[in-house]
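Results of the structural survey
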2 protein chains.
Amino acid sequence: MTSKQVPHFQAENPMKSAQLFMTKGTGAMSYAENSNWHAMCMEKIWPTVLELVDSMKLPDDDMSIITIADLGCAPGRNTINNVETVLKRVKERYRNGHIPEFQAFFQDLYDTDFNTLFQLFKNSVATIAENVPETLKYFPAGVPGSFYGRVFPRSSVHFVMSTFALHWISKVPSSVLDKTSEDYNGGKIEHERASRATIDAYARQGDVDLRNFLDARVEEMATGGLMLLVFGVRKVYYPYCNTMVNEVKERIWDELVSEGKVDSGLRGSFNNFMHFHYLKDVEQILNSYSEKLIVEKEYVFPFFLYPQNMTAREKAARHASLNRGLYTSMLEDHFGEDITNLYIARYEQALLEGFESGTLTEDETNTYQFVAIVARKL
Amino acid sequence: MTSKQVPHFQAENPMKSAQLFMTKGTGAMSYAENSNWHAMCMEKIWPTVLELVDSMKLPDDDMSIITIADLGCAPGRNTINNVETVLKRVKERYRNGHIPEFQAFFQDLYDTDFNTLFQLFKNSVATIAENVPETLKYFPAGVPGSFYGRVFPRSSVHFVMSTFALHWISKVPSSVLDKTSEDYNGGKIEHERASRATIDAYARQGDVDLRNFLDARVEEMATGGLMLLVFGVRKVYYPYCNTMVNEVKERIWDELVSEGKVDSGLRGSFNNFMHFHYLKDVEQILNSYSEKLIVEKEYVFPFFLYPQNMTAREKAARHASLNRGLYTSMLEDHFGEDITNLYIARYEQALLEGFESGTLTEDETNTYQFVAIVARKL
């Protein structure tokens with residue numbers, strides 16, 4: 001259930017521009033219920049992150065406040081677990097003497113379902129309520145806004161994390177929506193098999209966004225503070241993606257348009273905000289901040305969606321589940337609930353048939369997760 | 001529209017306990033659309049508050065962050081206007097030289113509709129977005145939790161305000177819901193014409209809550225900081241209220257029960273969380289904090305609902321509107337949407353008939369607004 005009533009088709013404005021936010025609420029299609037995959041990825045990274053947390057510079061004044069922020073947190077349990085993992089580790093450093101107080105900021109876009117996120121705190125032991133062990137206490141706050149600009153006061157955050165968020169660019173480049181531009185991604189929702197010009201337009205936007213993100217963090221991070229970045233990258237610049245699985249999505253939208261269920265203009269005006277940065281661009285951009293930021297550790301993991309031994313049905317369900325968590329509210333906002341349900345059902349069914357018959361094979365070789373643990377220089 | 005689906009009647013649990021939160025969303029019944037009255041009250045107080053803001057101690061470090069917090073903010077425009085009024089005044093003190101950065105915390109209970117509040121920021125010029133004048137920039141954050149406990153790190157807030165919130169006690173005293181107790185407020189929703197024992201139970205809870213509130217603020221306020229408190233009080237301890245207008249509410253619930261539309265147990269398990277503190281108790285409690293807090297100014301205003309020259313229809317509409325803003329979501333949560341709509345409609349109609357025929361007269365002499373501007377001692 002979305003919190004907004006959206007007309008299924010806006011005759012007067014078929015070019016309604018798409019909005020970016022994770023699926024709302026706690027229902028079967030919500031982000032909150034479809035994000036276990038993210039937790040699996042994090043498990044691999046924690047040991048190194050926590051080692052660096054141990055050596056991180058912290059304020060030496062007993063009355064200080066230590067601040068942890070999750071940027072692009074999305075309304076799920078993962079964000080709380082991640083923040084609390086860091087929090088506990090930092091608290092271990094204050095076993096003797098006066099313990100500083102901790103504030104944790106959960107940041108995401110204005111349209112994010114903060115109500116659902118805050119309900120998770122309501123019954124959490126880890127807030128500042130009575131009878132909570134000192135090692136778990138902190139003051140949570142939600143911060144609405146875009147992390148591609150400033151969201152915190154200067155030098156105020158000691159540990160920043162942003163996981164699986166920076167591959168959501170701030171906007172679909174306007175030229176991609178412009179029929180007169182060579183960048184135009186006509187008659188498509190995804191840009192995975194798009195023209196080189198379309199991909200270039202996405203890449204330019206991605207680079208601008210990443211620099212805006214880093215500019216803001218340089219201002220906001222306390223000196224000696226740490227930042228954990230995890231987001232999708234690709235190793236080959238072009239073509240963006242060869243994954244047959246993703247080709248299925250476009251085929252289903254083609255069907256829905258040809259059946260008259262979806263207006264072609266409305267379909268054309270929705271373009272995916274997700275764009276995996278080109279690894280070399282990312283490294284070059286990070287390097288250009290070397291005066292203020294230093295990359296302590298860097299990893300590039302293959303994109304890991306599910307174990308090899310899953311059945312066709314399990315794999316189809318996992319793909320559909322991930323897509324539900326990421327896209328349902330956005331699709332409903334643009335196309336209405338009925339079309340969204342139809343699309344997701346057909347997508348899962350097509351994957352199942354493809355995996356079972358062997359006509360669908362996966363080529364994930366161009367998609368990776370980039371992990372960097374970055375320190376704010378003193 | 002509430003964000004939760006609530007069964008209209010829970011056969012297995014007719015004693016469902018009531019939850020406290022302002023009416024959600026932005027519809028005709030929302031708090032956001034029914035709180036103009038609060039703004040009117042604030043206009044009378046601002047000149048004095050701002051004068052004190054001018055002399056308030058602020059951090060002298062140029063890199064400092066100045067923090068403003070609205071406690072029990074509710075999801076309306078008023079909270080943003082109030083915070084920005086203070087913010088602009090503080091910023092005027094930094095016309096020359098380096099301006100500190102400002103963080104504003106909007107705090108309310110977990111069930112508060114923060115999504116609606118954050119939507120108000122989305123299109124506000126007053127956030128940190130580009131092209132915003134320096135005098136208006138700040139970093140907003142939402143803080144979920146109870147202000148009857150700690151919600152901020154120690155010594156971190158420079159200006160605290162809590163307006164029209166402290167007359168919402170933390171819970172209906174359990175003895176008021178206990179059929180075996182002399183405090184039992186049987187067969188009623190309001191406690192305005194309740195027994196002395198019921199009123200005593202409410203008053204005890206109110207005193208505990210007010211002390212818990214002040215204990216938390218003493219920890220959280222920066223020394224030299226200021227706090228603005230505005231909340232309902234009564235000058236006569238008992239009876240709590242003689243207002244004929246409020247008697248109408250109970251009559252309508254009687255009708256709904258006798259017509260079989262509302263289960264008497266369900267009605268009995270809902271008791272109003274609003275309790276106007278006894279003025280003398282409030283003053284005594286504030287005095288007991290004189291080592292840490294000093295009351296700079298105190299006012300007691302008659303409860304001001306509408307101008308004298310309003311028509312019966314306008315007055316009935318104003319009462320109904322205020323009740324919509326305060327109670328609709330809570331009533332829907334407890335009784336369901338249909339009963340709530342029926343109750344509000346009958347309430348407005350009964351007031352209209354009463355005002356027109358002259359059978360309803362108002363006696364507001366026992367209800368006042370208490371205003372205190374309190375400094376955190378150095």
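Residues numbered from 1 in each chain as written. Chains lettered and ligands numbered in written order. Predicted model: local features only at pLDDT ≥ 70, side-chain atom pairs only at ≥ 80, totals over all residues. Heavy atoms only, no water.

Moving on, we come to the packing of helix α2 (residues 77-91) of chain B against helix α3 (residues 114-122) of chain B. Residues and elements named next belong to chain B. Where α2 meets α3, the closest approach of the two axes is 9 Å, and the angle between their N-to-C directions is 55 degrees. In terms of their interaxial angle, α2 and α3 are classed as oblique. The two elements α2 and α3 meet at a crossing, and its hand is right-handed. When α2 is examined against α3, the residues Arg77, Thr79 and Ile80 are found in contact with a partner set consisting of Leu117, Leu120 and Phe121. Taken together, the residues of the contact of α2 with α3 sort by class into four nonpolar, one polar and one charged. (Axes fitted to C-alpha atoms, helices over the stretch in contact; angles between N-to-C directions. Helix = DSSP H or I, 4+ residues; strand = E, 2+ residues; numbered from the N terminus. Parallel < 35°, antiparallel > 145°, perpendicular 65-115°, else oblique. Left-handed = near helix turned anticlockwise from the far one by under 90°. Contact = heavy atoms within 4.5 Å. Nonpolar A, V, L, I, M, F, W, Y, C, P; charged D, E, K, R; others polar.)

For the rest of this paragraph, the subject is the relation of the copies chain B and chain A. Structural alignment of chain B on chain A gives an RMSD of 0.0 Å, achieved by rotating through 180 degrees and translating 0.0 Å along the axis. Such a turn and shift between the copies fits a two-fold axis. Of the C-alpha atoms belonging to chain B, the one lying closest to the rotation axis is found on B:Gly142, 2.4 Å away. Of all interface residues in chain B, 100% are interface residues in chain A too; the two copies therefore contact each other through one and the same surface. (Least-squares fit on C-alpha atoms with pLDDT ≥ 70 in both.)

Core analysis: the largest hydrophobic core is formed by 74 residues, its most contacted members being A:Phe106, A:Phe159, A:Leu228, B:Phe106, B:Phe159 and B:Leu228. Once residues within four sequence positions are removed from consideration, B:Leu228 is found in contact with B:Met42, B:Ile45, B:Val49, B:Phe159, B:Val160, B:Met161, B:Ser162, B:Thr163, B:Val371, B:Ala372 and B:Ile373. A:Leu71, B:Phe213, B:Tyr289 and B:Tyr368 belong to the second largest nonpolar core, which has 64 residues in total. (Core = buried A, V, L, I, M, F, W, Y, C linked by side-chain atoms within 4.5 Å. Buried < 20%, exposed > 50% of the residue type's maximum accessible area, 1.4 Å probe, protein only.)

So, on to the pairing of strand β3 (residues 139-144) of chain B. Most of β3(B) is tucked away: six of the six residues are buried. Along β3(B), one buried face is formed by B:Phe139, B:Ala141 and B:Val143 and the opposite face, lined by B:Pro140, B:Gly142 and B:Pro144, is buried too.

A word on the side chain of A:Asn82. Residues and elements named next belong to chain A. Within the secondary structure layout, Asn82 lies in helix α2 (residues 77-92). You can call Asn82 buried: its relative accessible area is 7%. The residues contacting Asn82, other than those within four sequence positions of it, are Met42, Trp46, Met161 and Thr163.

Here we take up helix α5 (residues 244-258) of chain B. All names here are of chain B. Relative to the 21 Å expected for 15 residues at 1.5 Å per residue, α5 spans 21 Å between its end C-alpha atoms, a close match to the ideal helical length. Restricting attention to buried positions, one finds in α5 the residues Val245, Asn246, Val248, Lys249, Glu250, Ile252, Trp253 and Leu256. In the core, the buried residues of α5 are packed alongside α6 (264-268), α8 (312-335) and α9 (337-357). Backbone geometry just after α5 places Gly260 at a positive phi near 80 degrees. (Expected span 1.5 Å × (residues − 1).)

Looking now at unusual backbone geometry. Note that the residue after A:Tyr238, namely A:Pro239, is joined by a cis bond; omega there is 0 degrees. On the secondary structure map, A:Pro239 appears in the loop between β5 (221-234) and α5 (244-258). Within the chain, A:Ala74 stands out as a residue other than glycine whose phi angle is a positive 60 degrees. Position of A:Ala74 among the secondary structure elements: in the loop between β1 (65-71) and α2. Given a relative accessible area of 3%, A:Ala74 falls into the buried group. Here the phi dihedral of B:Ser155 falls at roughly 50 degrees; this positive angle occurs in a residue that is not glycine. Under the relative-accessibility criterion, B:Ser155 is labelled partly exposed at 39%.

It is worth spelling out the pattern of salt bridges at this point. For side chains of opposite charge, pairing can occur when their charged atoms come near one another. Scanning all chains against the criterion turns up 28 salt bridges over all chains. Across the pair A:Arg150 and B:Glu101 runs a salt bridge whose closest N-O atoms are separated by 2.7 Å. Taken together, the positions of A:Arg150 in the loop between β3 (139-144) and β4 (157-163) and B:Glu101 in strand β2 (residues 101-108) put the pair across two chains. Residue classification places B:Glu101 among the buried residues on the basis of a relative accessible area of 15%. The shortest N-O distance in the salt bridge between B:Glu259 and B:Arg346 comes to 2.9 Å. Linking B:Glu259 in the loop between α5 and α6 with B:Arg346 in helix α9, this pair joins segments that are 87 residues apart in sequence. What emerges from the salt-bridge pattern is a single network uniting A:Glu101, B:Arg150, B:Arg154, B:Arg217 and B:Glu220. (Salt bridge = Lys/Arg side-chain N within 4 Å of Asp/Glu carboxyl O.)

The next point concerns the environment of B:Glu296. Residue and element names in this part refer to chain B. Residue placement: Glu296 occurs in strand β7 (residues 293-302). Look at Glu296 and you get partly exposed, because its relative accessible area is 38%. As a C-alpha pair, Glu296 and Leu52 span 244 residues in sequence and 8.3 Å in three-dimensional space. With near-sequence residues (within four places) excluded, Glu296 lies in contact with Leu52, Leu226, Ile373, Val374 and Ala375.

Much of the literature gives interface size as the accessible area that the parts lose upon coming together. The interface is formed by 39 residues belonging to chain B together with 39 residues belonging to chain A. In terms of surface lost to chain A, no three residues of chain B exceed B:Tyr110, B:Asn115 and B:Arg154, which account for 23% of the buried area on that side. Applying the counting criterion to the chain B and chain A interface returns four salt bridges. Residue B:Glu101 is joined to A:Arg154 by a salt bridge in which the shortest nitrogen-to-oxygen separation is 3.7 Å. Counting across the interface, chain B meets chain A through 16 residue pairs in polar contact (both at pLDDT 80 or more). (Buried area = accessible area lost by both parts, 1.4 Å probe. Polar contact = N/O pair within 3.5 Å; in protein donor to acceptor, adjacent residues only side chain to side chain.)

The next thing to look at is helix α7 (residues 279-287) of chain A. Residue and element names in this part refer to chain A. Leu279, Asp281, Val282, Ile285 and Leu286 are the residues of α7 that are buried. The buried residues of α7 occupy an angular sector of 160 degrees when the element is viewed end-on, so they sit on one face. Seen from the open side of α7, the exposed residues pointing more than 90 degrees away from its buried face are Lys280, Gln284 and Asn287. Looking at the buried side of α7, the elements it contacts are α4 (196-220), β5, β6 (277-278), β7 (293-302) and β8 (367-376). (Arc of directions from axis to C-beta.)

All right, on to the confidence of the model for chain A then. Residues and elements named next belong to chain A. With 84% of its residues at a pLDDT of 70 or more, chain A shows a mean pLDDT of 85. Helix α1 (residues 36-54) is the least confidently modelled element of chain A, averaging 83 in pLDDT, while α7 averages 98, the highest of any element. In this model residues 1-16 is a low-confidence stretch, pLDDT under 50, and it forms 30 contacts with partners more than four residues away in sequence or in other chains. Two numbers describe this predicted complex: its pTM, 0.87, and its ipTM, 0.86. (pLDDT = per-residue confidence, 0-100.)

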